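# Results of the structural survey
Spelled out, the chains give:
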Amino acid sequence: IFAVSSTGAAFVYLFANNEVGFINNLFGTNISWLNNQISAWFVIFLLCLYGIGGNFIIITAGLENVNKNLYESAEIDGSNFWQKLRYVTLPGIKYQIIICTFTTIIGYMNLYGQNRVLTMGGPADFDHPERPGVTHSIIYVIQDYLTGSGKFSMAGKISAIAICLGIIIAFITAIQLFISRDKKGGDKYAKEFIEYEKNSN
């Protein structure tokens, strides 16, 4: 329920360099968390975990709607915990899992606030100074070119990146719609039953 800027400010204090940071002070370490590519992405990932609250609500609502009679039937049939999880719980919340998975993927393709608050897109790539910082996301690159460079020659590159990102997101959305579609069996089995009844009489 907190904004990225608020939680990000807290994370900046937690993972500050040297003994100023709470984590380094707690464990007696001297790790430059936000000045190294791997550790900076690790901290960004931890901050992104704050976004699972919405998914938690959706999954919880789906669990509430799973038919409790199915659990009783499975228990009578001698199913253990893992069998009930596989054959009752997961099929019952299949659509919620699909929605949460794909919306999370699409959301993190638009990752910007976490990088901005924690690392400002840095640290810089010293081996390739002409490239963006090592924690630049796609949206961060677009925003950086759009507002930071001040070069009109970048307009074509920004447009190309944005169009490619839109195509990728549309492709992922199409996969989600394909997976979550209602599979209608038609009336094949009804016709077979009618034919069987006719032949038996």
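For the structure, check the block above.
Remember, it's a predicted structure, so these values are computed and weren't measured experimentally.

### Description of the overall build of the chain
Within the chain, the regular secondary structure consists of eleven helices and zero strands. In the chain, the succession of helices and strands from N to C terminus is α-α-α-α-α-α-α-α-α-α-α. When each of the 201 residues of the chain is scored for burial, the buried share is 26%. Long-range contacts, defined here as pairs at least 24 residues apart, represent 56% of the contacts in the chain between residues at least 6 apart.

### Remarks on the environment of Ala 160
Tracing the backbone shows Ala 160 in helix α10 (residues 155-179). Taking the C-alpha atoms as reference, Ala 160 lies 9.9 Å from Ile 142; in sequence the two are 18 residues apart.

### Observations regarding the nonpolar core
Residues Phe 11, Phe 15, Ile 23, Trp 33, Leu 34, Val 43, Ile 44, Leu 47, Cys 48, Leu 111 and Leu 118 constitute the largest nonpolar core, which totals eleven residues. Among the elements that make up this core, the one with the highest residue count is helix α3 (residues 37-48) (four residues). The contact partners of Phe 15, leaving out residues within four places of it in the chain, are Ile 23, Trp 33, Leu 34, Val 43 and Leu 46. The next biggest cluster of nonpolar side chains, apart from the first, holds seven residues, and it includes Phe 102, Met 109, Leu 165 and Ile 172.

### Regarding α3
In a regular helix each residue adds 1.5 Å, so twelve residues correspond to 16 Å; α3 covers 16 Å between its end C-alpha atoms and thus fits that length. Within α3, the full set of buried residues consists of Ser 39, Ala 40, Val 43, Ile 44, Leu 47 and Cys 48. On its buried face, α3 sits against α1 (4-14), α4 (52-64), α7 (94-109) and α8 (113-118).

### Quick look at the packing of aromatic side chains
Summed over all chains, the structure comprises five aromatic pairs. Ring centres of Phe 81 and Trp 82 lie 5.1 Å apart, and the angle between their planes is 80°; on these two criteria the pair is classed as edge-to-face. For the residue pair Phe 81 and Trp 82, the accessibility class agrees, reading exposed in each case. An aromatic cluster of three or more residues is present, and its members are Phe 11, Phe 15, Trp 33 and Phe 42.

### Some points on the environment of Val 4
Along the polypeptide, Val 4 turns up in helix α1. Residue classification places Val 4 among the partly exposed positions, given a relative accessible area of 32%. For the pair Val 4 and Gln 114, spaced 110 residues apart in sequence, the C-alpha separation works out to 6.6 Å. In this structure Val 4 touches Gly 113, Gln 114 and Val 117, once residues within four positions along its chain are discounted.

### Some words on the packing of helix α5 (residues 68-76) against helix α6 (residues 81-92)
One can describe the packing of α5 onto α6 by two numbers: an axis separation of 10 Å at closest approach and a directional angle of 150°. One finds that α5 runs roughly antiparallel with respect to α6. Note that α5 runs across α6; the crossing there is right-handed. Listed contacts from α6 to Leu 70, Tyr 71, Ala 74 and Glu 75 of α5 are Lys 84, Val 88 and Thr 89. For the contact of α5 with α6, the class distribution of residues is four nonpolar, one polar and two charged.

Conventions we followed
Residues numbered from 1 in each chain as written. Predicted model: local features only at pLDDT ≥ 70, side-chain atom pairs only at ≥ 80, totals over all residues. Heavy atoms only, no water. Helix = DSSP H or I, 4+ residues; strand = E, 2+ residues; numbered from the N terminus. Buried < 20%, exposed > 50% of the residue type's maximum accessible area, 1.4 Å probe, protein only. Contact = heavy atoms within 4.5 Å. Core = buried A, V, L, I, M, F, W, Y, C linked by side-chain atoms within 4.5 Å. Expected span 1.5 Å × (residues − 1). Phe/Tyr/Trp six-rings, centres within 6.5 Å; stacked < 30°, edge-to-face > 60°. Axes fitted to C-alpha atoms, helices over the stretch in contact; angles between N-to-C directions. Parallel < 35°, antiparallel > 145°, perpendicular 65-115°, else oblique. Left-handed = near helix turned anticlockwise from the far one by under 90°. Nonpolar A, V, L, I, M, F, W, Y, C, P; charged D, E, K, R; others polar.

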